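One letter stands for each residue in the lines below.
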Amino acid sequence: MAALLDRLRVGFHWRGGGDVVFADVTEWWRDPVVLRDLPPALAALVPGTPTVVIGPVSRGTLLGALVAAHLGVGLVELRKNDRAALHSTAYLWRRLPPEYHEGGALLSFRRALIRPGDRVLCVDDWIESGAQADAARQMVAEIGAEWLGTACVVDDLPGDTPLREALGLRSLLVADDL
């Protein structure tokens, strides 16, 4: 595990400057050792045996697919701004708060993809506000499935928020490690 964490730190860079600074994790996807070792490490963070993984577009879907394949379960893509979701009862959706960095994006998935009795693991690369994972958690609860928790690479959620416990948030790194 220590070797994986070292590779994640080496492959991470803060980019930009002034008022525009962003996290660049693109080197993670170029490293075959990270691609091999990250799925089992993320899967091991959250207790329970998932029947499905949910991951928000785009990097959560990339990581979610890797974790789902490792676990031998399916993936549900948590889509952003899919206009079909607003016009069909086949979709479950939530609007993110306006203060979320994408200004109130719409998250959705087809209802039939998560069933009552499913055990759902949420996977993402970075949790900053928790808004996406919380929207997923609410939709999973509405269906009657069990929320096992959220596994992420980097936890950047403020330490004093009660959302951490509600999400069952576990991570490999915290943002201060970078």
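Thresholds applied
- Residues numbered from 1 in each chain as written.
- Predicted model: local features only at pLDDT ≥ 70, side-chain atom pairs only at ≥ 80, totals over all residues.
- Heavy atoms only, no water.
- Core = buried A, V, L, I, M, F, W, Y, C linked by side-chain atoms within 4.5 Å.
- Buried < 20%, exposed > 50% of the residue type's maximum accessible area, 1.4 Å probe, protein only.
- Helix = DSSP H or I, 4+ residues; strand = E, 2+ residues; numbered from the N terminus.
- Contact = heavy atoms within 4.5 Å.
- Salt bridge = Lys/Arg side-chain N within 4 Å of Asp/Glu carboxyl O.
- Pairing = 2+ DSSP bridges.
- Axes fitted to C-alpha atoms, helices over the stretch in contact; angles between N-to-C directions.

Peer 1: Explain the nonpolar core to me, and be specific about the residues and the numbers.
Peer 2: Considering soluble globular proteins, one finds that nonpolar side chains tend to be buried as a cluster. Core analysis: the biggest nonpolar cluster contains 28 residues, and Ile54, Leu78, Leu96, Phe109, Ile114, Val120 and Met139 have the highest contact counts within it. Of all the secondary-structure elements, those providing two or more residues to this core are strand 3 (52-56), strand 4 (74-80), strand 6 (106-110), strand 7 (119-127), helix 5 (131-143), strand 8 (146-155) and helix 6 (163-167). Among residues more than four places away in sequence, those in contact with isoleucine 114 are Val52, Ile54, Val76, Phe109, Val120, Val140, Ile143 and Ala145. Counting residues in each nonpolar core, the second largest holds 26 residues, with Ala43, Val67, Val123 and Val153 among its members.

Peer 1: Could you give me a rundown of the pattern of salt bridges, with the residues and numbers involved?
Peer 2: The final tally for this structure, using the stated rule, is 11 salt bridges. A salt bridge links arginine 9 to aspartate 6, with the shortest nitrogen-to-oxygen separation between them at 3.4 Å. Highlighted residues: arginine 9 and aspartate 6, both in helix 1 (residues 2-10), separated by 3 residues, approximately one helical turn. On the accessibility criterion, arginine 9 (34% relative accessible area) is partly exposed. Judged by relative accessible area, which is 44%, aspartate 6 ranks as partly exposed.

Peer 1: How would you summarise the sheet that holds strand 5 (residues 91-95) if you had to cite specific residues and measurements?
Peer 2: Spatially, 7 strands are ordered 5-6-4-3-7-8-9 in an open sheet, and the strand pairing comes out mixed. Across the chains shown, the open sheet's two edge strands, defined by having one partner strand only, are strand 5 and strand 9 (169-174). Taken over all neighbouring pairs, the strand axes of this sheet differ in orientation by 20° on average, direction set aside. Looking at chain direction, strand 5 and strand 6 are connected through 5 bridges and run antiparallel. Within strand 6, the position partnered with tryptophan 93 by the bridge is serine 108. In the packing of helix 1 onto the sheet, the strands contacted are strand 8 and strand 9, and the crossing angle to strand 9 comes to about 65°.

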